[in-house]
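Chain residues, written in single-letter form:
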Amino acid sequence: MTASARAESQNRFAKVGERAPYFALDALVSTEPGKEFKKLSIDDYRGKWLVLFFYPMDFTVVCPTEIRGFNQAVGEFKKLNAEILGASIDTKYTHLAWAQRGDLGILNFPLLSDVKRETAQAYGCLDENEGVALRGLYIIDPEGVLQYQLVQNMDVGRSIEETLRVLQALQTGSLCPLGWKPGEKTIKKP
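Owing to the predicted nature of the structure, the values given are computational and were not obtained by experimental measurement. (Residues numbered from 1 in each chain as written. Predicted model: local features only at pLDDT ≥ 70, side-chain atom pairs only at ≥ 80, totals over all residues. Heavy atoms only, no water.)

(A) Looking closely at the layout of surface pockets. Each pocket or cavity is described by its volume, and for the largest pocket that value is around 300 Å³. Lining the largest pocket are 17 residues, and of these Ala24, Leu25, Lys39, Lys116 and Glu118 lie nearest its centre. Contributing elements (two or more residues each) for the lining of the largest pocket: strand S1 (24–28), helix H3 (92–101) and helix H4 (118–122). Of the residues that constitute the lining of the largest pocket, the class distribution is seven nonpolar, four polar and six charged. (1 Å grid on protein atoms, 1.4 Å probe; cavity = no way out; pocket = protein on both sides within 12 Å on 5 of 7 lines; lining within 4 Å. Points joined across faces, edges and corners; volume = space filled by probe spheres on them. Helix = DSSP H or I, 4+ residues; strand = E, 2+ residues; numbered from the N terminus. Nonpolar A, V, L, I, M, F, W, Y, C, P; charged D, E, K, R; others polar.)

Next comes the structure, spelled out in structure tokens:
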């Protein structure tokens, strides 16, 4: 992505049907000494579906339940050609300390460090008053286009099952009626 395209994408909020805002952030990718951190960008996920979720902060109560839930479902997402990225405003070192403490189990996907809060702001899930991200969930298609977004209150955890269902619905390329589940009939586009 060109520098001007990056600057333009950072000056607007995420919108379904448009290119997802660019990011390039430090990430916790492992707890193995010497292999803990890596810079990741949205460009690293071209050709795959990407499930990007924001959570308020490390060392909290609801957030580890979500991270453990996504950890347990990584295999299901991979079968759908999807990768998972978690993100919060914490530093990569705080992510590492939290993972080493054992609250998350074995971490099976990267945690992005959005300390400048620019990515949460670009995706429209930054709580300006609290200075943390709300629970934002974004599904980005293999071409980098945002196909789904959901932002909710910090107090309520997400549904991994619903995230998988929506991802599968998007991948059908068809219209999916209320409550559609994989294997059920879809509606042909007119």
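(B) A look at the packing of aromatic side chains. A complete count under the given rule lists eleven aromatic pairs for this structure. Considering the side-chain rings of Phe70 and Phe77, the 6.0 Å spacing of their centres and the 40° angle between planes classify their relative orientation as tilted. Comparing Phe70 with Phe77, the two get one shared label, buried. Taking 5.0 Å as the distance between ring centres and 65° as the angle between the ring planes, the aromatic pair formed by Tyr123 and Tyr138 counts as edge-to-face. (Phe/Tyr/Trp six-rings, centres within 6.5 Å; stacked < 30°, edge-to-face > 60°. Buried < 20%, exposed > 50% of the residue type's maximum accessible area, 1.4 Å probe, protein only.)

(C) The side chain of Ser113, seen in detail. When you line up the elements, Ser113 lands in strand S5 (residues 111–113). Given a relative accessible area of 8%, Ser113 falls into the buried group. Within the structure, Ser113 has its side chain in polar contact with the backbone oxygen of Asp90 (distance 2.6 Å). A polar contact is formed between the side chain of Ser113 and the backbone nitrogen of Lys92, at a distance of 3.3 Å. Every residue in contact with Ser113, bar those within four places of it in the chain, is listed here: Leu25, Asp26, Ser88, Asp90, Thr91, Lys92 and His95. (Polar contact = N/O pair within 3.5 Å; in protein donor to acceptor, adjacent residues only side chain to side chain. Contact = heavy atoms within 4.5 Å.)

(D) Main features of the side chain of Glu36. As for its position among the elements, Glu36 is in the loop between S1 and strand S2 (37–41). The side chain of Glu36 is buried and forms no salt bridge, while Lys92, the nearest opposite charge, is found at 9.0 Å. Of note is the side chain of Glu36, whose polar atom sits 2.9 Å from the backbone nitrogen of Gly34. Apart from residues no more than four positions distant in its own chain, Glu36 is found in contact with Ala27, Leu28, Val29, Ser30, Thr31 and Leu96. (Lys, Arg positive; Asp, Glu negative; His and termini not counted. Salt bridge = Lys/Arg side-chain N within 4 Å of Asp/Glu carboxyl O.)

(E) Structural context of the packing of helix H2 (residues 63–79) against helix H5 (residues 160–172). Taken N-terminus to C-terminus, the directions of H2 and H5 make an angle of 35°; their axes are 10 Å apart at the nearest point. Here H2 and H5 pass one another in a crossing that is right-handed. Judged by residue contacts, Glu66, Gly69, Phe70, Ala73, Glu76 and Phe77 of H2 engage Ile160, Thr163, Leu164 and Leu167 from H5. Per-class residue counts for the contact of H2 with H5 are six nonpolar, two polar and two charged. (Axes fitted to C-alpha atoms, helices over the stretch in contact; angles between N-to-C directions. Left-handed = near helix turned anticlockwise from the far one by under 90°.)

(F) Examining the sheet that holds S5 more closely. If you trace the seven strands from one edge of the open sheet to the other, you get S2-S1-S5-S4-S3-S8-S9, paired in mixed fashion. A strand with exactly one partner marks an edge of an open sheet, and here the two such strands are S2 and strand S9 (146–152). Averaged over all neighbouring strand pairs, the angle between strand axes comes to 30°, with direction disregarded. Sheet strands touched by H5: strand S3 (49–54), strand S4 (82–88), strand S8 (135–140) and S9. Its angle to S8, the strand with the most contacts, is close to 25°. (Pairing = 2+ DSSP bridges.)

(G) Seen up close, empty space enclosed by the protein. With the rule as written, the count across this model stands at one cavity of 30 Å³ or more. The volume enclosed by the largest cavity comes to roughly 30 Å³. Ile42, Tyr45, Arg46, Lys48, Leu50, Ile140, Asp141 and Gly144 together form the lining of the largest cavity. Grouping the constituent residues of the lining of the largest cavity by class yields four nonpolar, one polar and three charged.

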